[in-house]
Amino acid sequence: MRRFFICLVGLLWGVGLAVARELKVLQINIWQEGTAVLGGYDALVSEIEYADADFVMLSEVRNYNGTRFCDRIVESLRAKGKNYYSFKSKDSGLLSRFPISDSVTIFPEKDDHGSMYKLVATLPEGQKVSVYTTHLDYRNCAYYRVRGYDGSTWAELPEPDTDLASILADNVASQRDDAIRLFLADAARDAAAGHLILLGGDFNEPSHLDWTEATRDSADHRGMVVPWTVTTLLDEAGYADAYRVKYPNPVTHPGYTYPADCPGAEMRQLLWAPKADERERIDFIFYRPDKRLKLREVTIFGPRGSVQRGRRMVEHSQDPFLLPATDNWPTDHKGVLATFRVR
């Protein structure tokens, strides 16, 4: 009987290992493919190698000089012993540790109004995962109006705009909500087919969970509580913001991802609103809650340094950081790295 019990425990332990895995997901804006600073591309490769994620969502894929950026970085990572799969895309991109069975353009890039792509991969245990990457429209960034700057030209306004109706009208004049509505429709079909759903991107828009009564007097919010469109749409559709699931308090954990202090960049490269505190959390990982998917941890990936009112500064919040592997952080954004348990 004792031998039977030991064998049974061993069998159950083996089954448990077979049906559960850790899944790491990285979202990072790569700032014009790492070309904005000297040595940026090589640093970018090193940072992605260091993050060691299973899925990587990229923003600002440009395919400069007729190249296919995702193919190029896959080769660079392979030279470092990291094997990924990818496909041709523009403006945003995806890397996957697992073979890709399908890739789809959800929102095509046109006139630099953003993009969205999807890949479908099957984990070794059989779970299908639909992974979406997006770089949403950077124009009509209405949160800059609150800080006294036009959100399309970044010209300084005569005075900050604190009229909520005006702010929201300018915000939906962008194509960010159009892309997210296409995501919601496509993801609903994949979810109905049993897929796990992940979405990562540079949204170029804050979260309604960050512009609350508690934060109305921080980072030049000027007393405003704003139900920002994109995250509200995702929230209403049942999607979870990984960072806010783990760290729901935006006062102790603001999670600012932009602007990052990029040591190799000149200050003029890092500013849109030089007189304002433009720190914001605009890079996200969302997921569709599923009993097979459990969020274990999420961290800001990048330097503690930010830029505030035209000066470099260091964040002293309670946000968790995975600090860079190199001294040459290659982008003006910080990444988001989430770890899930899949069973």
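Our subject is the structure that appears above.
Draft legend 1. Quick peek at the packing of helix 7 (residues 176-192) against helix 8 (residues 229-236). It is at 9 Å that the axes of helix 7 and helix 8 come closest, and there the two elements cross at 15°. If you check the angle between helix 7 and helix 8, you find them roughly parallel. Where helix 7 crosses over helix 8, the two elements pack in a sense that is right-handed. On the side of helix 7, the interface is formed by Arg176, Asp177, Ile180, Arg181, Phe183 and Leu184, while helix 8 contributes Thr229, Val230, Leu233 and Leu234. Here the residues of the contact of helix 7 with helix 8 sort into six nonpolar, one polar and three charged.

Draft legend 2. Just the layout of surface pockets, in detail. Size it by volume and the largest pocket reaches roughly 330 Å³. In terms of lining residues, the largest pocket is bounded by 20 residues, among which Glu60, Tyr138, Asn204, Tyr258 and Trp272 are the most central. Within the residue set of the lining of the largest pocket, elements represented by two or more residues are helix 2 (31-34) and helix 5 (143-146). In terms of residue class, the lining of the largest pocket is made up of nine nonpolar, six polar and five charged.

Draft legend 3. Broad picture of the packing of aromatic side chains. Overall, the coordinates contain 18 aromatic pairs when judged by the stated rule. Ring geometry for Tyr144 against Trp154: centres 6.0 Å apart, planes inclined by 80°, an arrangement best described as edge-to-face. Of this pair, Tyr144 sits in helix 5 while Trp154 sits in the loop between helix 5 and helix 6 (164-172), and the two are ten residues apart along the sequence. By relative accessible area, Trp154 is classed as buried at 11%. Positioned above the aromatic ring of Tyr41 is the side chain of Arg72, whose terminal nitrogen or guanidinium carbon lies 4.6 Å from the ring centre.

Draft legend 4. Spotlight on the nonpolar core. Counting 30 residues, the largest nonpolar core has Leu23, Phe55, Val131, Leu198, Tyr287 and Phe340 as its most contacted members. Leu23 has contacts with Asp54, Phe55, Phe98, Leu123, Leu198, Ala338, Thr339, Phe340 and Val342, leaving out every residue within four places of it along the chain. By size, the runner-up hydrophobic cluster in this structure holds 23 residues, among which are Ala53, Cys70, Phe301 and Leu337.

Draft legend 5. Expanded view of the environment of Arg309. Structurally, Arg309 can be placed in the loop between strand 11 (305-308) and strand 12 (311-314). Under the relative-accessibility criterion, Arg309 is labelled partly exposed at 43%. In this structure, the C-alpha to C-alpha distance between Arg309 and Glu278, residues 31 residues apart in sequence, is 7.5 Å. Polar side-chain contacts of Arg309 include one of 3.5 Å to the backbone oxygen of Lys275.

Draft legend 6. Broad picture of the sheet that holds strand 8 (residues 240-241). Ordered by their spatial adjacency, six strands build an open sheet running 4-5-6-7-9-8, and the pairing between neighbours is mixed. Looking at the sheet topology across the chains shown, the edges are occupied by strand 4 (100-107) and strand 8. Bridge analysis of strand 8 against strand 9 (residues 283-287) gives two bridges, and the strand direction is antiparallel. Opposite Asp241, over in strand 9, you have Phe286 as the bridge partner. Most of the contacts of helix 7 go to strand 6 (residues 128-136), to which it runs at about 175°, and overall it touches strand 4, strand 5 (114-122), strand 6 and strand 7 (196-202).

Draft legend 7. Summary view of the pattern of salt bridges. Enumeration over the complete set of coordinates arrives at 31 salt bridges. As a salt-bridge pair, Arg97 and Asp54 come within 3.4 Å of each other at their nearest N and O atoms. On the criterion of sequence distance, the pair formed by Arg97 in the loop between strand 3 (91-96) and strand 4 and Asp54 in the loop between helix 3 (40-51) and strand 2 (55-61) is long-range, its members being 43 residues apart. The partly exposed category is assigned to Arg97, whose relative accessible area is 24%. Since its relative accessible area comes to 9%, Asp54 is described here as buried. The partner of Asp210 in a salt bridge is Arg281, with the nearest N and O atoms 2.8 Å apart. Residue Asp210 is located in the loop between strand 7 and helix 8, and its partner Arg281 is located in the loop between helix 9 (242-246) and strand 9; the two are separated by 71 residues in the primary sequence. By relative accessible area, Asp210 is classed as buried at 5%.

Draft legend 8. Looking closely at the sheet that holds strand 3. Read across the open sheet, the six strands follow the order 3-2-1-14-10-13; overall the sheet is mixed. Among the strands making up the open sheet, the edge pair consists of strand 3 and strand 13 (321-322). As paired elements, strand 1 (residues 21-29) and strand 14 (residues 335-342) share seven bridges and run antiparallel to each other. For Lys24, the partnering residue across the bridge sits in strand 14 and is Thr339. Contacting strand 2 and strand 3, helix 4 (residues 69-78) crosses the sheet at an angle of about 35° to strand 3.

Draft legend 9. Broad picture of the packing of helix 3 against helix 4. Contact geometry of helix 3 with helix 4 gives a least axis separation of 10 Å together with a crossing angle of 65°. The interaxial crossing formed by helix 3 with helix 4 has right-handed handedness. On the side of helix 3, the interface is formed by Tyr41, Leu44, Val45, Ile48 and Glu49, while helix 4 contributes Phe69, Arg72, Ile73, Ser76 and Leu77. Residues that form the contact of helix 3 with helix 4 fall into these classes: seven nonpolar, one polar and two charged.

Procedures and definitions
- Residues numbered from 1 in each chain as written.
- Predicted model: local features only at pLDDT ≥ 70, side-chain atom pairs only at ≥ 80, totals over all residues.
- Heavy atoms only, no water.
- Axes fitted to C-alpha atoms, helices over the stretch in contact; angles between N-to-C directions.
- Helix = DSSP H or I, 4+ residues; strand = E, 2+ residues; numbered from the N terminus.
- Parallel < 35°, antiparallel > 145°, perpendicular 65-115°, else oblique.
- Left-handed = near helix turned anticlockwise from the far one by under 90°.
- Contact = heavy atoms within 4.5 Å.
- Nonpolar A, V, L, I, M, F, W, Y, C, P; charged D, E, K, R; others polar.
- 1 Å grid on protein atoms, 1.4 Å probe; cavity = no way out; pocket = protein on both sides within 12 Å on 5 of 7 lines; lining within 4 Å.
- Points joined across faces, edges and corners; volume = space filled by probe spheres on them.
- Phe/Tyr/Trp six-rings, centres within 6.5 Å; stacked < 30°, edge-to-face > 60°.
- Buried < 20%, exposed > 50% of the residue type's maximum accessible area, 1.4 Å probe, protein only.
- Lys NZ or Arg CZ within 6 Å of the ring centre and 35° of its normal.
- Core = buried A, V, L, I, M, F, W, Y, C linked by side-chain atoms within 4.5 Å.
- Polar contact = N/O pair within 3.5 Å; in protein donor to acceptor, adjacent residues only side chain to side chain.
- Pairing = 2+ DSSP bridges.
- Salt bridge = Lys/Arg side-chain N within 4 Å of Asp/Glu carboxyl O.

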